[in-house]
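Reading the structure
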Amino acid sequence: MKFQGSENYVATQDLMLAVNASITLKRPLLVKGEPGTGKTMLAEEVAQTLGMPLLQWHIKSTTKAQQGLYEYDAVSRLRDSQMADVDGGERVKNIHNYIVKGVLWQAFTSEQPVALLIDEIDKADIEFPNDLLRELDRMEFYCYETRELIKARNRPLVFITSNNEKELPDAFLRRCFFHYIKFPDADTMKKIVDVHFPTLKSELLTAAMKTFYDVRNLPGLKKKPSTSELLDWLKLLVAEDIPLEALQSADNKVSVPPLVGALLKNEQDVTLFEKLVFMNQRNR
Ligand SMILES: Nc1ncnc2c1ncn2[C@@H]1O[C@H](COP(=O)(O)OP(=O)(O)O)[C@@H](O)[C@H]1O
Ligand SMILES: [Mg+2]
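Keep in mind the model is a prediction, meaning the values are calculated, not measured.

Here strand E1 (residues 29-32) pairs with strand E8 (residues 157-162) via four bridges, running parallel. Its bridge partner lying in E8, Lys32 is registered against Ser162. One ladder, built from four bridges, connects E1 with strand E9 (residues 177-180); its direction is parallel. If you follow Lys32 over to E9, its bridge partner there is Tyr180.

As structure tokens, this is what we get:
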């Protein structure tokens, strides 16, 4: 079982190494990186190339660890008990009917090995990672309501992603294999764009990439545009049939690119960029 990248996903050598290391160690792979650097897609692609179903758990600020294990739906049970004619009251007697299985339960009891994605773990409160330590370590947990131990038949391949909004606890980090997806350099980015737009004219791509990295390297930006924003922008440039000249001025000076709203997402950043263009033009 080895991951070697895929047709739809450009994986650098060190990323492939990290994926395979976590498979070998049987530890969760913790993937960090700026939003839009392909963390979620990595889990999807690895699962697909290894032929495993992927169970996804998208974390929100209100998500609790227990929801990944199971929840006991006491309200439905009470309601059913008040309308005793449901199945002649049979349903109410069996507590299993009111246990809502979470992703970890599903992953642990699946017949075939599965991949499990815990996406954007840094969205939850600080207790969340700690609350999952034991379950991810031992690959088992106890359901008190039904008095059963849920134990993994096959160890799932676990991916955990983080956008770095919060620090994760040390005890949690110790149990993971860690990889930081660096922002792609120009070569890697060309390959990524190529996957999405195989027929894009190379002059347009070169000009667009230059503008993109110029914008990205602007000091003081609040939110740097990422891979997915570059892809959105290219899609628009193609759809709107923007000519090459609109992207590059003859003297190679910076200008405000067309459809800049795909790249810069707040007014301060747009203003900053316009100021820079203005200063550039005065210095001619
Ligand atoms: N290495 C890559 N190869 C191919 N496409 C990529 C790559 N990295 C990012 N993308 C594109 O960027 C989009 C955003 O990726 P995503 O996995 O959602 O980022 P993240 O989860 O890190 O925020 C993807 O849908 C994909 O189109
Ligand atoms: Mg994501």
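Our focus in this paragraph is helix H7 (residues 127-138). The complete set of buried residues in H7 reads Phe128, Pro129, Leu132 and Leu136. One side of H7 holds all its buried residues, which, seen down the axis, span an arc of 75°. Relative to its buried face, H7 has exposed residues pointing more than 90 degrees away, namely Glu127, Arg134 and Arg138. Looking at the buried residues of H7, the elements they touch are helix H3 (65-69), E8 and helix H8 (170-174). Following H7 by one or two positions, Met139 adopts a phi angle in the positive range, close to 60°.

Counting 37 residues, the largest nonpolar core has Leu29, Ala115, Leu116, Val158 and Phe159 as the members making the most contacts within it. At the level of secondary structure, the elements contributing two or more residues to this core comprise helix H1 (13-25), E1, helix H2 (39-49), H3, helix H6 (103-109), strand E5 (115-119), H7 and E8. Other than its neighbours up to four places away in sequence, Ala115 contacts Ala43, Val46, Ala47, Met52, Leu54, Pro156, Leu157 and Phe159. Of all hydrophobic cores here, the second largest spans 11 residues; its members include Val193, Ala208, Val215 and Leu237.

Turning our attention to the sheet that holds E5. With parallel pairing, the five strands of this open sheet are ordered in space as E2-E5-E8-E1-E9. Looking along the sheet, the strands with just one partner apiece sit at the ends: strand E2 (54-58) and E9. Direction aside, neighbouring strands of the sheet carry axes that sit 20° apart on average. As judged from the five bridges shared by E2 and E5, these two strands associate in the parallel manner. Among the inter-strand pairings, His58 is bridged to a residue of E5, identified as Asp119. Against the sheet, H1 contacts E1, E8 and E9, and its axis sits at roughly 170° relative to E9.

Rules of the game
- Residues numbered from 1 in each chain as written.
- Chains lettered and ligands numbered in written order.
- Predicted model: local features only at pLDDT ≥ 70, side-chain atom pairs only at ≥ 80, totals over all residues.
- Pairing = 2+ DSSP bridges.
- Helix = DSSP H or I, 4+ residues; strand = E, 2+ residues; numbered from the N terminus.
- Buried ≥ 20, exposed ≤ 12 C-beta atoms within 10 Å, placed from the backbone.
- Arc of directions from axis to C-beta.
- Contact = placed C-beta atoms within 7 Å.
- Core = buried A, V, L, I, M, F, W, Y, C linked by C-beta atoms within 7 Å.
- Axes fitted to C-alpha atoms, helices over the stretch in contact; angles between N-to-C directions.

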